[in-house]
Amino acid sequence: METLQRTLAIVKPDAVAKGAAGDIIATIEQNGFRIIGLKMLHLKKAQAAAFYAVHVGKPFFDSLSAFMTSGPVVVLALEKANAIADWRKLMGATNPANAEAGTIRKKHAESIERNAVHGSDAEDTARFELSFFFSGYELAK
Ligand code: CMP
């Protein structure tokens, strides 16, 4: 039996604003992920900065913080075997110019910044990111 893994997904403000959240959530379900937590939030600057602390000092950091606070996001806790890598594969490359056909970013992303979705990149970041948005009691059993 494969071990289940959890990851965090965010539907970013660009995708929520254009009404693509439903399509993205349906795609997540159709690809075998179990949604064990889901909420819509409008992040404050300090929250976006804390979430993306690993990118502090990078040239795109201020713009990224402004973008991520520009409108509501949908955050999801996802579970399946190999969830972290599988969600990153389904999202597609960070830069939509490099995203493969059939990926969410190929379909919905506008630019390397306005790239529709986020996903944790490793087990330690998934733990941090899941606990950033969800308390244990909020996740489905
Ligand atoms: P995400 O996977 O959420 O991780 C960091 C985010 O920074 C990334 O998606 C993009 O939205 C944004 N970003 C903007 N410019 C860049 C860049 N040059 N390289 C990587 N990420 C970028």
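Residues numbered from 1 in each chain as written. Predicted model: local features only at pLDDT ≥ 70, side-chain atom pairs only at ≥ 80, totals over all residues. Heavy atoms only, no water.

**Quick word on the pattern of salt bridges**
No. 1: Going through the model one piece at a time under the given rule, you end up with 6 salt bridges.
No. 2: A salt bridge links Lys39 to Glu138, with the shortest nitrogen-to-oxygen separation between them at 3.0 Å. Of the two residues, Lys39 sits in strand 2 (residues 34-41) while Glu138 sits in the segment after helix 7 (123-133), which places them 99 residues apart along the sequence.
No. 3: Residue classification places Glu138 among the partly exposed residues on the basis of a relative accessible area of 32%.
No. 4: A salt bridge links Asp86 to Lys80; its shortest N-O distance comes to 2.5 Å.
No. 5: Classification of Lys80 by relative accessible area gives buried; the value is 16%.
No. 6: The network of salt bridges with shared partners includes Arg6, Arg34 and Glu79. (Salt bridge = Lys/Arg side-chain N within 4 Å of Asp/Glu carboxyl O. Helix = DSSP H or I, 4+ residues; strand = E, 2+ residues; numbered from the N terminus. Buried < 20%, exposed > 50% of the residue type's maximum accessible area, 1.4 Å probe, protein only.)

**Examining helix 4 (residues 61-68)**
No. 1: The set of residues buried in helix 4 consists of Phe61, Leu64, Ser65, Phe67 and Met68. On an axial view of helix 4, the arc spanned by its buried residues comes to 165°, and they lie on one face.
No. 2: In the core, the buried residues of helix 4 are packed alongside strand 1 (4-11), helix 1 (13-17), helix 3 (45-51) and strand 3 (73-81). (Arc of directions from axis to C-beta. Contact = heavy atoms within 4.5 Å.)

**Considerations on the site of the ligand**
No. 1: Taken together, Lys12, Tyr52, His55, Phe60, Leu64, Thr94, Arg105, Ile112, Glu113, Asn115 and His118 make up the full set of residues near the ligand.
No. 2: Measuring from an oxygen atom of the ligand, one finds a backbone N or O atom of Glu113 at 2.9 Å.
No. 3: Protein contacts shield 79% of the accessible area of the ligand, which totals 450 Å² for the unbound molecule.
No. 4: Across the shell around the ligand, the residue classes tally to 4 nonpolar, 4 polar and 3 charged. (Near = heavy atom within 4 Å. Polar contact = N/O pair within 3.5 Å; in protein donor to acceptor, adjacent residues only side chain to side chain. Areas by Shrake-Rupley, 256 points an atom, 1.4 Å probe, with all protein chains shown as cover. Nonpolar A, V, L, I, M, F, W, Y, C, P; charged D, E, K, R; others polar.)

**Digging into the nonpolar core**
No. 1: In terms of nonpolar packing, the biggest core is built from 21 residues, with Val11, Ile24, Leu76 and Trp87 touching the most fellow members.
No. 2: Counting residues per element, the ones that place at least two in this core are strand 1, helix 1, helix 2 (21-30), strand 3 and helix 5 (83-91).
No. 3: Excluding residues within four positions of it along the chain, Trp87 makes contact with Thr7, Leu8, Ala9, Ile28, Phe33, Leu78, Ile104, Val117, His118 and Gly119.
No. 4: Counting residues in each nonpolar core, the second largest holds 18 residues, with Ile10, Leu43, Val75 and Phe133 among its members. (Core = buried A, V, L, I, M, F, W, Y, C linked by side-chain atoms within 4.5 Å.)

**Looking at the side chain of Thr103**
No. 1: Residue placement: Thr103 occurs in the loop between helix 5 and helix 6 (104-108).
No. 2: Side-chain polar atoms of Thr103 contact the backbone oxygen of Glu100, separated by 2.7 Å.
No. 3: Thr103 has contacts with Lys89, Leu90, Met91 and Gly92, leaving out every residue within four places of it along the chain.

**What to know about the packing of aromatic side chains**
No. 1: In this structure the tally under the stated criterion is 6 aromatic pairs.
No. 2: Between the aromatic rings of Phe51 and Phe133, the centroid separation amounts to 5.3 Å while the plane-to-plane angle is 45°, which identifies the pairing as tilted. With a gap of 82 residues between them, Phe51 in helix 3 and Phe133 in helix 7 connect regions that are remote in the sequence.
No. 3: Residue classification places Phe133 among the buried residues on the basis of a relative accessible area of 7%.
No. 4: The structure contains a cluster of three or more aromatic residues connected by ring pairs, namely Phe51, Tyr52, Phe128, Phe132 and Phe133.
No. 5: When the ring centre of Phe33 is taken as origin, the NZ or CZ atom of Lys80, which lies over that ring, is 5.3 Å away. (Phe/Tyr/Trp six-rings, centres within 6.5 Å; stacked < 30°, edge-to-face > 60°. Lys NZ or Arg CZ within 6 Å of the ring centre and 35° of its normal.)

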